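# Residue-level structure breakdown
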Amino acid sequence: MTLRVLIADDHAMFRSGLRAVLDTQADLVCVGEAADGRSAVNEVSRLRPDVAIIDIRMPRLDGLRATEAILADPANTTKVILLTTYDQDTYVHRALRAGAGGFLLKSLPPEELIAAIRVAARGDTLIDPSVTRRLSARLADGIAPPPTPTGLDLLTTREREVLLLLAEARSNAEIADRLGIGDETVKTHVSRILGKLHLRDRIHAVAYAHLHGLVGQASARPPSAGRPCGPGG
């Protein structure tokens, strides 16, 4: 399936470069461009792309307000990835509240941005790892400890390994490679972890790991790659 992508950025050279990157992928096609936030909202409504990549700082309407307008439309099916050169917590909070499918820094390597487009199209949320690490530490301070027992004893050995790697803000692909399992198996483990620990999403799972002093334990463990394991392992 080919994913249709819209690029919204007030710098023509950036739009051109990103379009060139998309053109290298058989499953991605750029269907339109916008140079300001208002045009981005209009073009998303007109073209209905699968994913819109929107810069936060743009004229007429900034990317955050454009995203809020796009995602407030009941008929909208477009997933939004916000890009920025400014790593500010207020941006992240507003992006998440609006329902953005990604919040990434423009310094992200092209191959990771391409991967993020596919992640957003599936309905998952991806936040730049450097942002996740900082937010998780702050979230941990504001999350009340869960009732006894903590739930850690409910996790299987493999689920605990996945939680420790989530604590390092690793992506599903990185976790799969580290543990020698498939991406779908990682998703299954993450889903079970969230259910057992009564957590809302993977960001809160990272915060939970910080709160319970688990951060850093994954690095201390030897990698278990090469030991295939099914979804229940």
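Values in this document were obtained by computation on a predicted structure and should not be read as measured data.

## Observations concerning the confidence of the model for the protein chain
With 81% of its residues at a pLDDT of at least 70, the protein chain reaches an overall mean of 81. Ranking the helices and strands of the protein chain by mean pLDDT puts strand β1 (residues 3-8) first, with 97, and helix α11 (residues 217-220) last, with 46. Between residues 145-149, whose pLDDT stays under 50, and residues either more than four places distant or in other chains, the model counts 3 contacts. In the predicted structure, residues 217-233 sits below a pLDDT of 50 and forms 41 contacts with residues beyond four places in sequence or in another chain.

## Observations regarding the pairing of strand β2 (residues 28-34)
Regular strands place their side chains on alternate faces of the sheet. By the bridge criterion, 6 bridges tie β1 to β2 in an arrangement that is parallel. Directly across from R4, in β2, lies its bridge partner V29. For the crossover that starts at β1, traverses helix α1 (residues 12-22) and ends in the parallel β2, the hand is right-handed.

## Some thoughts on the pattern of salt bridges
Taken as a whole and assessed by the stated rule, the structure comprises 12 salt bridges. The partner of K106 in a salt bridge is D55, with the nearest N and O atoms 3.5 Å apart. In this pair, K106 is assigned in the loop between β5 (102-105) and α5 (110-121) and D55 in strand β3 (residues 51-55), connecting sequence segments 51 residues apart. Among the residues examined, K106 registers a relative accessible area of 24% and is labelled partly exposed. For D55, a relative accessible area of 5% puts it in the buried group. Note that R65 is salt-bridged to D62, the shortest N-O span being 3.3 Å. Looking at R65, the relative accessible area reads 42%, which means it is partly exposed. What you see here is one network of salt bridges that share partners, running through D9, D55 and K106.

About the cut-offs
Residues numbered from 1 in each chain as written. Predicted model: local features only at pLDDT ≥ 70, side-chain atom pairs only at ≥ 80, totals over all residues. Heavy atoms only, no water. pLDDT = per-residue confidence, 0-100. Helix = DSSP H or I, 4+ residues; strand = E, 2+ residues; numbered from the N terminus. Contact = heavy atoms within 4.5 Å. Pairing = 2+ DSSP bridges. Right-handed = clockwise from strand over helix to strand, strands pointing away. Salt bridge = Lys/Arg side-chain N within 4 Å of Asp/Glu carboxyl O. Buried < 20%, exposed > 50% of the residue type's maximum accessible area, 1.4 Å probe, protein only.

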